[in-house]
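One-letter residues, chain by chain:
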Amino acid sequence: ISSGFDAWAAEALARGDIDELAAYQHRAPGMPYAHPTPDHYIPIFTTLGAAADPAQPVRTVIDGYMIGFSKRSFQTSA
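Residues numbered from 1 in each chain as written. Predicted model: local features only at pLDDT ≥ 70, side-chain atom pairs only at ≥ 80, totals over all residues. Heavy atoms only, no water.

Draft legend 1. Summary view of the overall build of the protein chain. Scanning the protein chain from terminus to terminus reveals 4 helices and 4 strands. Walking the protein chain from its N terminus toward its C terminus, one meets helices and strands in the order α-α-α-α-β-β-β-β. A compact globule built from 78 residues should have a C-alpha radius of gyration of about 12 Å, and the protein chain, at 12 Å, falls within 12% of that. Expressed as lengths along the three principal axes of its C-alpha atoms, the size of the protein chain is roughly 30 × 25 × 20 Å. Each of the 78 residues in the protein chain was classed as buried or not, and the buried ones make up 28%. Considering only contacts within the protein chain whose residues lie at least 6 apart along the sequence, 50% involve residues at least 24 apart. Carbon and sulfur atoms make up 57% of the accessible area of the protein chain, which amounts to about 5,000 Å² in all. In the protein chain, 5 side chains carry a positive charge and 8 a negative one; their mean positions are 5 Å apart. (Helix = DSSP H or I, 4+ residues; strand = E, 2+ residues; numbered from the N terminus. Rg over C-alpha atoms; globule rule 2.2 N^0.38 Å. Buried < 20%, exposed > 50% of the residue type's maximum accessible area, 1.4 Å probe, protein only. Contact = heavy atoms within 4.5 Å. Areas by Shrake-Rupley, 256 points an atom, 1.4 Å probe, with all protein chains shown as cover. Lys, Arg positive; Asp, Glu negative; His and termini not counted. Charge placed at Lys NZ, Arg CZ, Asp CG, Glu CD.)

Draft legend 2. Representation of the packing of aromatic side chains in the model. According to the stated counting rule, one finds 4 aromatic pairs in the structure shown. For the pair Phe-5 and Trp-8, a centre-to-centre distance of 5.5 Å together with 55° between the ring planes defines the contact as tilted. Within this pair, Phe-5 and its partner Trp-8 are both found in helix H1 (residues 2-15), separated by 3 residues, close to a single helical turn. The burial state of Phe-5 is the same as that of Trp-8; both residues are buried. (Phe/Tyr/Trp six-rings, centres within 6.5 Å; stacked < 30°, edge-to-face > 60°.)

That's the geometry; what it means functionally is another story.
In structure tokens form, the structure reads like this:
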């Protein structure tokens, strides 16, 4: 479940598709099991909001899984 959600988010981030990311509750695979509460997902928008251009694709700097959860971290343009 989390791998499908992670792949979906990674693809949307790579495209700079903020609308897709914002619609995660209705569009992301594995919902609501991948993210039953928004507290670990919503910070993505804080990071994108601090970017010089939130619609620019991001660079993944950490990926992989730990105990079944994605640990994807990304870097935006400053």
